[in-house]
Structures are given as C-alpha cells and as structure tokens.
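Summary of structural features
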Amino acid sequence: MRRDFKEPGRPRPDLVIGREELFAGAREQLARGGSVLVHGSAGIGKSTVLRALAAEYEETARTVLRCSATESESHLPFLALTDLLGLVVDEVSDQLPAPQRTALESALTGRGESTLQRDGLALRLAVLSTLRTLAAKGPVLIVADDLQWLDPASVELLGFAARRLGEMPVRMLCAVRTSTDPHGHEQDRYLRASPPDTLALRVAPLSRTHVAELLENRGYTGLPRSTVRDIHRTSGGNPLFALELGRALADSPTPPQPGEPLPVPTSLRTLVLNRLDMLSAEARRTLLVASAGARPTLALLHAAGRENAEAETAQAAALGLLAPEREGPGVRFAHPLVSAALYAEATAQERRAAHAALSTAAGDPIERARHLALSTTGADPEVAARLGEAAAVARDRGAPSVAAELGLLSARHTPAGATPGPDERRLQAAEDALTAGENDLGRDIAREVLSRATEPAERVRAWMVVIDAAGQSIAEVDAVYPQALADAGDDPRLLALVRYQLAWRALVIDGDFAEGRDEAAHAAELAAKAGERRTELLALALQAQIETLMGHPDAPTTIKRALKEPQDPQLACHHNGAGATRFRWLMMSDQFGEARATATSLLREVRRRGMVESEVHYVRFLAEIELRSGHCGRALGLAREGYVLARDSGIGEGASAMLTSFAEAAGGDVERAQALAREAAEHAEQDGDLMYLSRALGALGHAQLVAGDASGTVQSLRRVRELEKGLGVTDPARGRWHGDLAEALVRVGELAEAQDVIDVTRQQALRLGRESVLAVLDRAEALVRAARGEQDAAVRQLTSAQDRLAKLGYGLEEARAAFALASLRTLPQALGARPGGTPGTPGTPAPASYDEAARLFRRCRALPWLRQVEQATVAPAPPPQAALAPSALDALAVLATTERQVAELVMEGATNREIAGRLYISVKTVEATLTRVYRKLGIRSRVDIVRLAAGHRTN
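Residue positions are given per chain, counted from 1 along the sequence in the order it is written. For this predicted model, a pLDDT threshold of at least 70 governs which residues receive local features, and a threshold of 80 or more governs which side-chain atom pairs are given and counted, while totals over whole chains, interfaces and linings are taken from all residues. To obtain the side-chain values, all non-hydrogen atoms of the structure were used and water was disregarded.

Turning next to the overall build of the protein. Along the protein, the regular secondary structure elements total 49 helices and eight strands. A 1.4 Å probe rolled over the protein chains alone gives each residue an accessible area, and that area as a share of the maximum for its type sets the label: buried under 20%, exposed over 50%, partly exposed in between. In the protein, which comprises 955 residues, the share counted as buried stands at 54%. For the protein, long-range pairs separated by at least 24 residues make up 67% of all intrachain contacts whose partners lie at least 6 apart in sequence. For the protein, the exposed surface amounts to about 40,800 Å²; the carbon and sulfur share of it is 51%. In DSSP terms, a helix is any run of H or I states spanning at least four residues, a strand is any run of E spanning at least two, and both are numbered starting from the N terminus. Only heavy atoms enter the contact rule, under which two residues are in contact if any of them lie within 4.5 Å. The accessible surface values rely on the Shrake-Rupley method and a 1.4 Å probe; as for residues, cover is taken only from the protein chains in view.

Below is the structure:
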C-alpha cells in the first residue's frame, strides 16, 4: 500500500514555465532510479519545479517522505528528521535493534536527550535501517525543499544514510538555495547529503519570452512589450521578482514615462534596503549615479564627480551589492534589482542630480542627451532639439527602440507651437517603435496623438501607425479605414497612404487579389502625382507582390518599376519593399542562387538597422531557400531561430509557425510539424487572414502526408484548393501543395480527382513556366498511372521527373521521386502492374532497391523521410485505399458540404475530436452535424455510416 505523508496541494502544471530542458534532464535521471538536486537563487522557482516533479513521480512510490524548513527553524535539532520519519516510525520501529529504536524515538519525540555526540552511531544506523525497511516494501521518494535551512543534525543523518543505500529503491528530490553566480559551486556541499549518483540541476533565469508568458498566466495582461522587456531586465529573469514588478505595475495608477524606472514594490526593496542602509551617504550617492548610467565604469563615476569611487564601490562590493566585473573596469550590480531599488528609493531631486552629472560625463552623444532630458523639467527647445538629434543617431546606428525612447523624451520637452511639434515627434517615435518590433507601444502613442490632433496629416500618419501595429490582425482595426479616408480628404499625398493600406485590407480581410492589385496601383498613381516617392515605392512593391502571387504577366515589369531609382534606403531592405518582392519572384522562378544572395544581403542590412519585423521575415526566407534546396538540417535550424525571434517579438508568429512546420516535417519531428501547422492555422483564423490560412493548411496537409495520414492530407488540401480559388491565386509555385494533394488522393483511391488536380495545375504551370512544379506534377501523375496499371509509363515518368528535379536543385523533391520509384518497383501488384513475367522483361519491375532514395534523403538530412525508407525495407507500404463506389457517393449527395466532410471522416474511423481538429470546428458542432446526417440518411448511429461505406467499397 502506498504511503504519503505531509501531502501538499498539487501544483498547477501551467505555472511551470520555461523549464523544459531542466525537466527533461530531471525526468531522465529519475526514470533510471537516480536522485536530483535542483538549486538556484531566491525566487528563481526551485520549489515550483520540485513540487511539479514530485507530483509526477509520487505515483510510482509506495512511500513519499517530505520535509521543508524555514530560516527561523534551522536551529532546532532533528526537526527535518521528524518531518521525514515521524509518521513512519511506528511502522518500522519493531524491526529496529533496541539501541537504534531508542535513539531514533528520543530524537523524534524530544522526550530524551539524544544528540549526535552521544548517540551518533545508533542514530545514523537507525535512519539507514528505517529507509532500508521502507524500501524493502516498495519504492521510496524523499522530497526535501530548502536544504539550506534544514538543521545540521538532520542533514548529517540524511547524508549518512543516502551514501549507503546502494541499489535500494530510494530516490531523493531536493532543492537548495545557492547564489546567482552560475559558476559557483555552493551546491557541492549539499550533494554530500544526497546519494552518490545525484544529478545537480541549476534553475536558470527565465528568458524574456517566458517572463511574458508567466505574467500573462498570472493575469497581468496587456503589458506593452517594452514594459515586459524592462520587467525582464529589472528582475534578471527571476520569476518571483518579475511577478512582484508586474503586480506593482498593475497597482500603479499611471504607467512609468519613458526614461523612468519601473515601480519597485516594498516587498522587493526590503531585500536590498537593509544592506543599502549600511552604506555611507557618499557611497550611496556614488551607487545612485552608477544605477542611473547605462554602462557605469569607475572612469565614468570619476568624470561625474565621484572622487572616491574606488573605495565607495569596494564598500558596496563587500556588502554584496556589487559583483566583481571579470571582463573590464565596469561597475556591475549583483542583481539588476539592486540598481532598480536604489534608484526607486532616491528622491526626484537626487535622481535629477545624478543625471545632471552624467549629462556631461557620458562620452556617447545619445547617453548625454538622455541624461540631459532626465535632469531637466518642463519644456526646453534646446533639450528637445538635442534629443531629436540623438534619436536620429540611434536610428542610424540600428537602435530604433532607443530612438523611440529619445523621441518621446524630446516630445515631452518640446514647447507647443514649435517646429517640429510635440505630436510630430511622438509620431516619429511611434514609427521607430514599429521598426523595433514594439507594436503595442507604437499603437499606444498613435492613439494618444489621435485623441487631440486636428491636423489631417498628423491624423492620417497616426492612423497608419495603428494599422501597421495590428500586423496580420488588421481585421481588428477595420473601423479605422473610413476614418482615415475622411481625414485624408482629397489630398493625394494622404490618400495614397490610405489606399496602400486598403490594398492590404483587400488581401487579408476580403481575400480579393484583384481588388488588392487595383488599390495598390491606385496608391502608386496618387503618390507619384504628389511626389511622395516612398509611398509610391511601397505601393509598387505591393502591386508586384500581388501580381506575382496571381501569376499576372505584368509582375516582372512592376518589379522593375519598383526597383528604379531614386530609392529610399530603409524601404529598400524592408520586408514589404521591392527587394523582398523580387526575392519572392526569384523563388517562384526556381532561381535559388540569386534568391539566397538577395535574402542574405537584406537580412544583413535589417539587422544593422535594428528592423526586427523585417529580420523575422528574412530569417524565414533563408529557411525556405534551404528547404527547397534540400538542406533540411540548415532549414530546420533557421526556421526554429526565426520562430523563437517571432515569439520573442510577437511579430509574424503564425507565418513563422507555418514555415517551421514545413521544416520539421522535412528534417525534424512530424508530430511537432502538425502541431505548428495547426497553431499557424489558428493564428490565421483569429486574424481573419485567408492568405496565411491557406498557407497554414498547406503546411498541415504536407505534415499529415509525411506522417502517413493520407485522408487528413486530402481534407486539409481540398480546403486549400477552395481558398486559393476564391482568392484568385493562379500561380502554383506560391504554395506548392498540388503534388501533395494528388499523391494523397492516389493513396485513398481517388484517382479521377488526382488527375484533375494535376491537369488544372499543369495548365497554370505551363503558362507561367514553373518547371519545378511541372516536375512534381509528373511525379504525382506517375503514381496515378501506376495505380491504373500503367507500370512502364509510370517508371519512365518518375525517372524523368527525378532527373529534372535534380537539375533544378530541388534535393528533397528529387529524393521523394527516387523513393516513389523504388516503392513502385517494390509493389507492382498493389499499384496495378501486370502480374507474371521474368525480371528484366517489359512490364516486370526490376529488383526492389531503396538505396538510392536512402542516400538522397540522408544527403538532405530528411530524417522523417529516411525513417519511411527504413520502414519500407522491412514492411512494404499498403496499396492505395479503394474509393467509395458511386452508390455510396450518391447516398452522401443529399448532405451539405460540412455534413459530407464529417460523414466521410466517420467512414475513415475518425473520432469526433479528430474530426473537430481537422475541420477547425468544435466537438459540439461535430455532434450536431452528425445528428443532421443521421436524420438525412435515415440511420441511427456512426456505426451505420461505417456500414454504408463498407457496403459500397470497390476493389
């Protein structure tokens, strides 16, 4: 019978955030019977990790022993031992020798005067015997939190027993507080109280993404990304500190202004204020100057008038407020919170004095301007001008986030009626924030300007920021467009901006490529008329992009117009600029070499300029090139990098998930590929973005095909076909899903539909000269022919397709053709080849060999495909599924589209939850749809639907 003592409440698993790698190591160690010691600084989440691990593994133990202590209890001898063994002593006492039993009972009850000095050996042996006795009856799990506060006597006894348990099934799961220094080895002395094979795992600070997730999880929603960034920096990634800072922000009536620190709650200030009180007044002033500086050094402190900086910083270091700087003469706080608390505790006058000193001492013009602003109150045109100049320098250096902060400070010091005015400076700051990927900050600034601005130019500019800040979710700001048009009036300069955004709206919300192209062309004409070259270039690039996707014959001409001089330097590398449009055209035209050079050059430039959103796009572009080229390992690395960047910045998450899905299906984890594709589809559904919805479903269909789910592939890609038909997409090189759909249709026995997909797509590909698409279609058509029994023609067509794909540089597609060819030669009967014959005669397949396919997949590092080859060499693939006979299809003809889709999935054996996932509807909707299906077909249950299918199968 399992025994569990001092059972705490089970932790919510959603509270354990950002610890995947740590958990993987701990689970592996525990699974093989080892013990784990987690360690880290105060508030880093050790106890949360400990509870979560204990909750996972306590079910496998007969006995769970727990202990924990506080600092105030650490002087009480044997307290932890009492927590651990107090409730099991009666179970084992009669099996202990009398001296051991007496010593243990005295230690646990306090009725005697047992001590380590007097009863040391008896006590040590008693603890060891107790654990051995419990382990003989079943596995034992010891959970010990806050080892640093356990009384020394208990630690000594526990360590003695742990070192002598040998192969007994006793695991220890412990947590201990250590310093923030990752190179420290304080945990080593606690390992002596653990079994010899104990694995020590450090609980590291959370990343910014995980801090954002933690804050969201605890209800601190809607925080701007810039604020989350400040919380992460100030907390040092410590979850407890981050949550306390989030709570302080939630309780604060007004958010901090640019340049102002986060409000540090008393609960965190008290962690360091007692040590600050031990500093001399002069040393505290020196530390305040250091906390106000971006990169404080002793030289900077001297220049700021702190003559005794060396002695004063040494005093602070002795108190643990400063940490030794290993890489230079910098002054580094032991934790960012020390700096934040020190700054927050200072008066406004003290802060201004510190900034005033730094405004002349700092060597960097940006830092000097920032300190000047923070040392000045009220409007000051000279300060505003210097801040504006510093913002321009930051922008040029590729630090748009800094430029946005400086711009807001400049606006605060700009007098009303000045040129440029306060709101003009704010709008520039908003645009800088967008460039830095801080869309929520840019949106908030623009909304503030709109609340009071009356000038049409300022209002339209602000509306453009609001729309751009929405990203792919522009359906959320649909009401903005009429207001922007009204503010623009008949001014061609302003109308061009609004028409450009209306072109995007036509694409994303309406899914109308023709309307989008017309709006973009109209915007370009208006901008040219007004002499607004930047807007004209944006509109031309968008027009060219739409024409490329449509397969419009004017696309190359429009791209050339968009690339003509004069060019805007920043727009030239923007992800919506002509350079990016040209990249897409090169990719669709199979010109990988030039496409790679273009994307690499663009990525280098946007990184130099700090253009985060564009960086997300170009990392994705490079991943796509490597994927098409068959470099699946490189593609997977780039795709994962781009996905992390997208999640960190909150930009393009759906598109990055979609591309990463393709990369995972090619070279990684197929289950993860399907999960990412569904995530991308959910993003697109939420945003109302039909363009990316079709791409996401294309990724899902491809992942399902790689996973062997042909029916799922058909369901996903049929919907893509419908979506692209409605969008007006006629270029098959855009999504490249057509070959996958045809192949899946062959697998499920729908040969006529497969041939129709091939014929329609081939006509479009021939018109546009898409050679790689034609080769993939030939590969798919060969499978159709093989299924119809045309073995020789299928072999010839597959061989030709493989050769052409190799010449075009499509390594993975070449390998897939080789795999199909080997499979075709292996299964002549399943594919309908003529029986009989002798090897080498017409109509008889050559001896099966997957060597060529395996070699090509290995070269591509296409691991999921390589596993398919390995499986095929052991067990041949099943033949294509038979199609439903016309009589079965006639029975379903009475059903609406969704009803028919649900019925077909039931026929395939899918559960209601699986159907809901495939069709992106709720389980309740599936249940209601099935009720209608039963009524229309005159049946009573899903079993009857399956019988209907079984009764009308063809061979």
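Let us now look at the state of the cysteines. Count a disulfide wherever a pair of cysteine sulfur atoms falls within 2.5 Å. Tallied over the entire structure, the rule returns zero disulfides. Of all cysteine sulfurs, the one in Cys860 lies closest to Cys632, which takes part in no disulfide; the gap is 5.2 Å.

Time to look at helix H15 (residues 309–318). When H15 is considered as a whole, its buried residues turn out to be Ala309, Glu312, Thr313 and Ala316. In a view along the axis of H15, the buried residues occupy a sector of 95°, so they form one face of it. Exposed side chains of H15 directed beyond 90 degrees from the buried face belong to Ala311 and Ala318. Turning to H15, the residues buried within the fold contact helix H13 (281–292), helix H14 (298–303) and strand E7 (322–323). Taken from the helix axis, the directions to the C-beta atoms give the arc we talk about.

Here the focus is helix H23 (residues 456–469). For the α-helix, the turn length of 3.6 residues means that residues three or four positions removed from each other point alike. Under the convention used throughout, the expected extent of a helix is 1.5 Å for every residue step, that is, one less than its residue count. Given a rise of 1.5 Å per residue, 14 residues ought to cover 20 Å, and the 20 Å separating the end C-alpha atoms of H23 matches this to within 8%. Residues of H23 that are buried include every one of Arg459, Val460, Ala462, Trp463, Met464, Val465, Val466, Ile467 and Ala469, and no others. Summarising the contacts, the buried residues of H23 are in contact with helix H21 (422–435), helix H22 (439–450), helix H24 (480–488) and helix H25 (492–510). Gly471, located one to two residues past H23, shows a positive phi value of around 60°.

Nine residue types can take part in a nonpolar core, namely buried Ala, Val, Leu, Ile, Met, Phe, Trp, Tyr and Cys, and a core is a set of them joined through side-chain atoms within 4.5 Å. The biggest cluster of nonpolar side chains holds 73 residues, and the ones touching the most others in it are Leu697, Leu812, Phe819, Phe857, Ala862, Trp865 and Val869. Judged by nonpolar contacts, the second largest core, of 59 residues, contains Leu408, Val466, Leu540 and Val729.

Axes, fitted as lines to C-alpha atoms, cover a helix only where it is in contact. Angles between the N-to-C directions of the axes lie from 0 to 180 degrees. In the contact formed by H25 and helix H27 (residues 533–550), the axes pass within 10 Å of each other and the chain directions differ by 20°. Here H27 runs roughly parallel to H25, going by the angle between their axes. Seen from above, H25 lies across H27 with left-handed handedness. Across the interface between the two elements, Ala496, Leu497, Tyr500, Ala503, Trp504 and Leu507 of H25 pack against Thr535, Leu538, Ala539, Leu542, Gln545 and Ile546 of H27. Side-chain classes are defined by residue name, with Ala, Val, Leu, Ile, Met, Phe, Trp, Tyr, Cys and Pro counting as nonpolar, Asp, Glu, Lys and Arg as charged, and the others, Gly among them, as polar. Considering only residue class, the contact of H25 with H27 consists of 10 nonpolar, two polar and no charged. Here the word oblique covers every angle except those under 35 degrees (roughly parallel), over 145 (roughly antiparallel) and from 65 to 115 (roughly perpendicular). The sense of a crossing depends on the near helix, which, turned anticlockwise from the far helix by less than a right angle, makes the crossing left-handed and, turned clockwise, makes it right-handed.

Excluding glycine, a negative phi dihedral is what most residues carry, and trans is how most peptide bonds are arranged. Cis rather than trans, the peptide bond between Thr419 and Pro420 has omega equal to -5°. Residue placement: Pro420 occurs in the loop between helix H20 (400–413) and H21. Geometrically, the link from Glu565 to Pro566 is a cis peptide bond, its omega value of 0° lying close to zero. Of note, Pro566 is situated in the loop between helix H28 (555–563) and helix H29 (569–572). With phi around 55°, Asp146 is a residue other than glycine that occupies positive phi space.

Moving on: the environment of Ala707. Tracing the chain through its elements places Ala707 in the loop between helix H36 (690–706) and helix H37 (710–727). Along the primary structure Ala707 and Gln674 are separated by 33 residues, whereas in three dimensions their C-alpha atoms are 8.8 Å apart.

Before going further, it helps to examine empty space enclosed by the protein. Lining residues are defined by having an atom within 4 Å of a point belonging to a cavity or pocket. Those points lie on a 1 Å grid over the protein atoms alone, cavities being sets where a 1.4 Å probe fits but cannot get out and pockets being open sets with protein on both sides within 12 Å along at least five of seven lines. Grid points are joined across faces, edges and corners, and a volume is the space filled by probe spheres set on the points. Counted by the stated rule, this structure contains five cavities of 30 Å³ or more. By volume, the largest cavity is sized at about 330 Å³. Considering the residues around the largest cavity, the lining is formed by 21 residues, among which Arg628, His702, Arg736, Glu813 and Arg816 are closest to the centre. Among the elements that make up the lining of the largest cavity, the one with the highest residue count is helix H40 (residues 771–787) (five residues). Among the residues forming the lining of the largest cavity, the class breakdown is 10 nonpolar, five polar and six charged.

Across the five residues of strand E3 (residues 63–67), five count as buried, placing the element largely inside the fold. Because side chains alternate across E3, one face comprises the buried residues Thr63, Leu65 and Cys67, and the other comprises Val64 and Arg66, equally buried. Sheet topology places E3 next to strand E4 (residues 140–144); five bridges connect them, and they run parallel. By the bridge assignment, Leu65 is partnered in E4 with Ile142. Note on pairing: DSSP must find at least two bridges between two strands before they are called paired.

As a further point, take the pairing of strand E2 (residues 36–40). In terms of burial, E2 is a largely internal element, five of the five residues being buried. Across the two faces of E2 the burial is the same, with Val36, Val38 and Gly40 and Leu37 and His39 all buried. Bridging between E2 and strand E5 (residues 170–177) involves five bridges; their strand directions are parallel. In the strand pairing of E5, Gly40 is matched with Arg177.

Right, let's get into the packing of aromatic side chains. Stacked, tilted and edge-to-face are the three classes applied to pairs of Phe, Tyr and Trp rings, where Trp contributes its six-membered ring and a pair requires centres within 6.5 Å; stacked means planes under 30 degrees apart, edge-to-face means over 60, and tilted covers the rest. Inspection of the entire model under this criterion finds six aromatic pairs. Ring plane angle 10° and centroid distance 5.7 Å describe the contact between Phe857 and Trp865, whose orientation is recorded as stacked. Ring pairing ties together the aromatic residues Phe819, Tyr850, Phe857 and Trp865, which thus form one cluster. For a ring to carry a charge above it, either NZ of a lysine or CZ of an arginine must fall within 6 Å of the ring centroid while also lying within 35 degrees of the normal to the ring plane. Arg505 extends its terminal NZ or CZ atom over the ring of Tyr481, reaching a point 6.0 Å from the ring centre.

Here we take up the environment of Asp568. Looking at the secondary structure, you find Asp568 in the loop between H28 and H29. The spatial distance from the C-alpha of Asp568 to the C-alpha of Leu537 is 8.2 Å, given a sequence separation of 31 residues. Not counting the four nearest positions on each side in its chain, Asp568 is found in contact with Arg534 and Leu537. Nitrogen and oxygen atoms within 3.5 Å of one another constitute a polar contact, given that in protein one can donate a hydrogen and the other can accept it, and given that sequence-neighbouring residues count only through two side-chain atoms. Side-chain polar atoms of Asp568 contact the backbone nitrogen of Gln570, separated by 3.0 Å.

Right, let's talk about the confidence of the model for the protein for a bit. Taken residue by residue, the protein gives an average pLDDT of 84. The fraction at 70 or more is 89%. Confidence scores here are pLDDT values: one per residue, from the predictor, ranging 0 to 100. Confidence drops under a pLDDT of 50 for residues 1–14, and excluding neighbours within four residues, the segment shows 34 contacts in the predicted structure. Contacts from residues 879–886, a stretch scored under 50 in pLDDT, to residues over four places away or in other chains number 26 contacts.

Looking at the secondary structure, you find Arg171 in strand E5. Although Arg171 is buried, it makes no salt bridge; Glu56 carries the closest opposite charge, 9.6 Å away. Once you skip the residues sitting within four places of it in the chain, Arg171 turns out to touch Leu30, Gly33, Gly34, Ser35, Tyr57, Thr60, Val140, Leu141 and Ile142. Residues scored as charged are limited to Lys and Arg (positive) and Asp and Glu (negative), so that His and the chain ends carry no count. We count a salt bridge whenever a side-chain nitrogen from Lys or Arg sits within 4 Å of a carboxyl oxygen from Asp or Glu.

Turning to the pattern of salt bridges, a few remarks are in order. Evaluated as defined, the whole model comprises 58 salt bridges. With its nearest N and O atoms 2.9 Å apart, the salt bridge here joins Arg247 to Glu244. Note that Arg247 and Glu244 are positioned in helix H11 (residues 239–251) at a spacing of three residues, about one turn of the helix. With a relative accessible area of 30%, Arg247 lands in the partly exposed category. With a relative accessible area of 17%, Glu244 lands in the buried category.

Here we come to the packing of H27 against helix H30 (residues 578–588). Between H27 and H30, whose axes approach to 9 Å, the crossing angle comes to 15°. When the axes of H27 and H30 are compared, the pair comes out roughly parallel. In the crossing of H27 with H30, the sense of the turn from one axis to the other is left-handed. Counting all contacts with H27, which are made through Ala541, Ala544, Gln545, Thr548 and Leu549, the residues of H30 involved are Ala578, Thr581, Arg584, Trp585 and Met588.

The next thing to look at is a positive patch on the surface. Patch criteria: residues need more than 30% relative accessible area and no salt bridge. Like-charged residues are merged within 9 Å; nonpolar side chains of Val, Leu, Ile, Met, Phe, Trp and Tyr are merged within 5 Å. Here the site of a charge means atom NZ of a Lys, CZ of an Arg, CG of an Asp or CD of a Glu. Side chains of Arg163, Arg164, Arg189 and Arg192 sit close together on the surface and give a patch of like positive charge. Following the sequence through the fold, Arg189 ends up in helix H8 (residues 187–191).

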